[in-house]
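# Architecture and fold: a report
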Number of protein chains: 2
Amino acid sequence: MSQHRHPGAPGRAGAVPALPDLPEATVARLPEYLRALHNLAESGHETVSSEGLASAAGVNSAKLRKDLSHLGSYGTRGVGYDVALLVDQIEYVLGLTQRRAVALVGVGNLGHALAGYDGFAGRGFRIAALLDADPSRVGEEINGLVVRHVDELPRVAAEEAIAIGVIATPARAAQAVADQLVAVGVTSILNFAPCVLSVPEGVDVRKVDLAIELQILSFHEHRKASLTALPATGGSALTALPGGLAVTDTQEAIGT
Amino acid sequence: MSQHRHPGAPGRAGAVPALPDLPEATVARLPEYLRALHNLAESGHETVSSEGLASAAGVNSAKLRKDLSHLGSYGTRGVGYDVALLVDQIEYVLGLTQRRAVALVGVGNLGHALAGYDGFAGRGFRIAALLDADPSRVGEEINGLVVRHVDELPRVAAEEAIAIGVIATPARAAQAVADQLVAVGVTSILNFAPCVLSVPEGVDVRKVDLAIELQILSFHEHRKASLTALPATGGSALTALPGGLAVTDTQEAIGT
DNA sequence: CGCGATTTGTGCACGTCTTCACAAGCGCCT
DNA sequence: AGGCGCTTGTGAAGACGTGCACAAATCGCG
């Protein structure tokens, strides 16, 4: 596997493959910038200002400029950023120039949906294998892929270089699956099971828990309710009364 | 629908319903503590130390103590925290004492999975309505609920107090759905569509983008690869070689 | 009743992230 | 060629989050 060629930085001399170590907060925003840039490119924009891109991505323009400055100077003062160039840059930094293979374990309710999610294919990933521990699910075909038994993981890993493992099993099975993924060399795991995984150092785990997101919203909902119940407290922050037909316009809507 | 009685703080005199305004980072962790506490309660623990709860939730014990201290003193020095009491407290703060009604818009691939996700019912939420704009999907029954047309949203909202709207539509439809939700008084939205929503002030939006999570993992994967390719750089950070059957216990998870 | 073991709650220092504000640089127009 | 308006890139300050380390508080035991 030869390293993919660095696509951006056309005339720029200097260290080529050295990845700057970006702040974690910046890394978390780059994908959002990338999505906004793709939209802009589709709608014909060749360049974009930090202001324009920031509002398309839903962030502050100063933050965006600082984020982009961490990957180098790819803007032109007085003009803005070249959309195509920036896309290449961000895709390179995120490691999306190679289409990474994803193994999805657990094809229950959620796993089914993930297997059919077209947002993966369009954004640099390819579901390379579907696995499940339930023999009655093995053999089922989803989106052109046949579900295999999770014990075949070593064979699957031998066939293709699995870059990322996705766990969509019940919580009680998640740790065992994680151990199996680690055992075959997977060092990045996306965990949808509501539990904490313990993994050896060097393995990254990101967790997505749908119920947690709802609970966070519930907190704010609860707080809003308790505030409107006590009008004494001084804030002029919330003016929103329900039913007000208030329609948007606050932020530049995105151009699809 | 009377306000549920504040369950915790049994002997405590003072302001009853006043919600302390917690740091956002703390709020984001409370649901995780809550889940860990439920597990502990099921396995028979009556009390738990900050150390124990912290490791069950995958965080530092000092951080956990500071988080809990924000909601008041509910621990006993030398002993730990009363599990049941803490559960009540956190559920109260998160506003989970009332089972909140959720309207789910978009019953495609992902929406289907969400409609069947049992993690909602078990954690303080109830899917009150399924909606979709596609007439061919209207009428379909999922998990005992019939899909209704999204234009019926005002009627749905009149029937039940919708606390939270979940958007699981394609990106191009998401803004319109958000506007409709806001128009019927929804002030909390969980958005699965890969786009930025603009909403009036006072409305909370949380976004979950599966592809973004993968891209963040991809970045770290890319970085790990570029580091092992350049062994010169001084870090002793990564010692992990694949294939090593290294099992668990480190507890280092990735930060959010 | 007092003492030691244990665990919480928190002051403090440190690092990270955000935001402002502005100098430096670029292109365009005259 | 020169000046002017626009936009990037960044220093500095402030807000926020984290983790250490320890005092205060509680329980159990002799």
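Look up a bit, the structure's there.
Anyway, here's the lowdown on the structure attached to this text.

Reading the values: rules and limits
Residues numbered from 1 in each chain as written. Chains lettered and ligands numbered in written order. Predicted model: local features only at pLDDT ≥ 70, side-chain atom pairs only at ≥ 80, totals over all residues. Heavy atoms only, no water. Buried < 20%, exposed > 50% of the residue type's maximum accessible area, 1.4 Å probe, protein only. Helix = DSSP H or I, 4+ residues; strand = E, 2+ residues; numbered from the N terminus. Pairing = 2+ DSSP bridges. Right-handed = clockwise from strand over helix to strand, strands pointing away. Near = heavy atom within 4 Å. Polar contact = N/O pair within 3.5 Å; in protein donor to acceptor, adjacent residues only side chain to side chain. Nonpolar A, V, L, I, M, F, W, Y, C, P; charged D, E, K, R; others polar. Contact = heavy atoms within 4.5 Å. Axes fitted to C-alpha atoms, helices over the stretch in contact; angles between N-to-C directions. Least-squares fit on C-alpha atoms with pLDDT ≥ 70 in both.

This part covers the pairing of strand 9 (residues 188–191) of chain A. All names here are of chain A. Of the two faces of strand 9, the one lined by Ser 188 and Leu 190 and the one lined by Ile 189 and Asn 191 are each fully buried. One ladder, built from three bridges, connects strand 8 (residues 162–167) with strand 9; its direction is parallel. Each bridged residue has a counterpart across the sheet, and for Gly 165 the counterpart in strand 9 is Ile 189. Note on the crossover from strand 8 through helix 8 (residues 171–183) to strand 9: the handedness is right-handed. Both strand 9 and strand 10 (residues 204–207) contribute to a ladder of four bridges, which runs parallel.

A few words on the protein's contact with DNA strand C. In the vicinity of DNA strand C lie 27 residues, with Arg 29 and Arg 77 of chain A together with Ser 50, Arg 65 and Tyr 81 of chain B positioned nearest. Of all DNA strand C atoms lying within 4 Å of any protein atom, the proportion belonging to sugar or phosphate reaches 66%. In the model, a phosphate oxygen of DNA strand C is placed 3.5 Å from a nitrogen or oxygen of the Lys 63 of chain A side chain. Within the side chain of Tyr 81 of chain B, a nitrogen or oxygen atom sits 2.7 Å from a phosphate oxygen of DNA strand C. Mapped onto the surface near DNA strand C, the elements with two or more residues apiece are helix 1 (24–42) and helix 3 (61–69) of chain A together with helix 3 (61–70), strand 2 (75–76) and strand 3 (80–82) of chain B.

Glancing now at the protein's contact with DNA strand D. Around DNA strand D, a shell composed of 25 residues is seen, among which Ser 50, Arg 77 and Tyr 81 of chain A together with Lys 66 and Arg 77 of chain B lie nearest. Interatomic distance of 3.0 Å between a backbone N/O atom of Gly 78 of chain A and a sugar or linking oxygen of DNA strand D. With respect to DNA strand D, the side chain of Tyr 81 of chain A contributes an N or O atom lying 2.7 Å from a phosphate oxygen. Only helix 3, strand 2 (75–76) and strand 3 (80–82) of chain A together with helix 1 (24–42) and helix 3 of chain B provide two or more residues apiece to the surface near DNA strand D. Sorting elements by how many residues they give to the surface near DNA strand D places helix 3 of chain B first, with four residues. Split by residue class, the surface near DNA strand D holds seven nonpolar, 10 polar and eight charged.

Residue and element names in this part refer to chain B. The antiparallel open sheet is built from three strands, whose spatial order is 1-3-2. Either end of the sheet is taken by a strand with one partner, and the two such strands are strand 1 (47–48) and strand 2. Taken together, the two bridges between strand 1 and strand 3 define a ladder with antiparallel strand orientation. Its bridge partner being in strand 3, Val 48 is matched across the sheet by Tyr 81. Sitting on the sheet, helix 4 (residues 83–93) touches strand 1 and strand 3, and the angle it makes with strand 3 is about 70°.

It is worth spelling out the relation of the copies chain B and chain A at this point. Under the fitted operation, chain B is carried onto chain A by 0.0 Å of movement along the axis and a turn of 180°, and the coordinates agree to an RMSD of 0.1 Å. The relationship between the two copies is best expressed as a two-fold rotation axis. Residue Ala 113 of chain B, judged by its C-alpha, is the member of chain B lying nearest the rotation axis, at 3.0 Å. Interface overlap between copies: 96% of the residues of chain B at the interface are likewise at the interface in chain A, consistent with a symmetric, same-surface contact.

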